[in-house]
Amino acid sequence: SSADEATSPLAPGILPSLLSNEKIAAFLEEPTEGALTGLLLLDGRPTFVAVSTVTDSKMDRARAGFVIFTRELTEQLQQRVAAQTLLPLSFRLRSAHEPVFSDAGPSSSAGVLEAAALITGLGAIRDLSGKHIVTVEFSQPRDILQQGVATRNSLMAVMAAFLVVANIVVLLFVDRTV
């Protein structure tokens, strides 16, 4: 952990919210060998959650309790993730008017919106229950596509000019031989 990250107990209202989540409650009743990790909306803010059993290193003894870690998806963390991925990422809470995603069944978790000058990627970040709670988005200019289109158009113009010149030369050659 870095120096700017603090470790502190859970805020008073957070623990009841965590324990009321069906996935966390089921894990506390019947824990698995691995930890339960995911994202939850706690107090209206997306928060990473990890719940793990406390046992000895060989897991020979009965569990002695649970460890719960949380980390809010703060603006600072979002900027850090964007800097590490080298993408202009933006995170926002799910809107009722998302253009691509729904909560129904096995819906899409990613989408791409394409325009002539810009390409935008969208991703649904789902909570432990599979409900879409956060949308991550990045947009990039389509410079490479635009360069490719310009190169193709230039090549087509050069080929057309070559064919016109070649046809004129053939016609002149045929005219002289006749």
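Use the structure listed above.
As a starting point, this report considers the structure included with it. (Residues numbered from 1 in each chain as written. Predicted model: local features only at pLDDT ≥ 70, side-chain atom pairs only at ≥ 80, totals over all residues. Heavy atoms only, no water.)

### What about the side chain of Asp-127?
Logical step 1: With respect to the helices and strands, Asp-127 occurs in the loop between strand 6 (118-126) and strand 7 (132-141).
Logical step 2: Buried charge Asp-127 goes without a salt bridge, the closest partner of opposite sign being Lys-131 at 6.0 Å.
Logical step 3: From its side chain, Asp-127 meets the backbone nitrogen of Lys-131 in a polar contact 2.8 Å long.
Logical step 4: Aside from chain neighbours lying at most four places away, what touches Asp-127 is Leu-39, Leu-40 and Ile-133. (Helix = DSSP H or I, 4+ residues; strand = E, 2+ residues; numbered from the N terminus. Buried < 20%, exposed > 50% of the residue type's maximum accessible area, 1.4 Å probe, protein only. Lys, Arg positive; Asp, Glu negative; His and termini not counted. Salt bridge = Lys/Arg side-chain N within 4 Å of Asp/Glu carboxyl O. Polar contact = N/O pair within 3.5 Å; in protein donor to acceptor, adjacent residues only side chain to side chain. Contact = heavy atoms within 4.5 Å.)

### A closer look at the pattern of salt bridges
Logical step 1: Scanning all chains against the criterion turns up three salt bridges.
Logical step 2: Of the charged contacts in the structure, one is a salt bridge between Arg-45 and Glu-72, with a shortest N-O distance of 3.1 Å. Here the residue Arg-45 occupies a position in strand 2 (residues 45-53), and Glu-72 occupies one in strand 3 (residues 66-72), the gap between them amounting to 27 residues.
Logical step 3: Its relative accessible area of 38% is what places Arg-45 among the partly exposed residues.
Logical step 4: Between Arg-142 and Glu-114 there is a salt bridge, with the nearest N and O atoms lying 3.2 Å from each other. Linking Arg-142 in the loop between strand 7 and helix 4 (143-177) with Glu-114 in strand 5 (residues 110-114), this pair joins segments that are 28 residues apart in sequence.

### Some words on the pairing of strand 1 (residues 36-42)
Logical step 1: Both strand 1 and strand 2 contribute to a ladder of seven bridges, which runs antiparallel. Its bridge partner being in strand 2, Leu-42 is matched across the sheet by Arg-45.
Logical step 2: The antiparallel pairing of strand 1 with strand 2 creates a hairpin that spans two residues between the two strands, and Asp-43 there sits at a positive phi of about 55 degrees. (Pairing = 2+ DSSP bridges.)

### Describing the sheet that holds strand 4 (residues 89-93)
Logical step 1: Pairing in this open sheet of four strands is antiparallel, and the strands run 4-7-6-5 from one edge to the other. This sheet does not close on itself; its edge strands, each paired only once, are strand 4 and strand 5. If you compare each strand with its neighbour and ignore which way they point, the axes differ by 20 degrees on average.
Logical step 2: Two strands pair when backbone bridges link them, and strand 5 and strand 6 are joined in this way by five bridges, in the antiparallel orientation. By the bridge assignment for strand 6, Gly-111 is matched with Leu-122. (Axes fitted to C-alpha atoms, helices over the stretch in contact; angles between N-to-C directions.)

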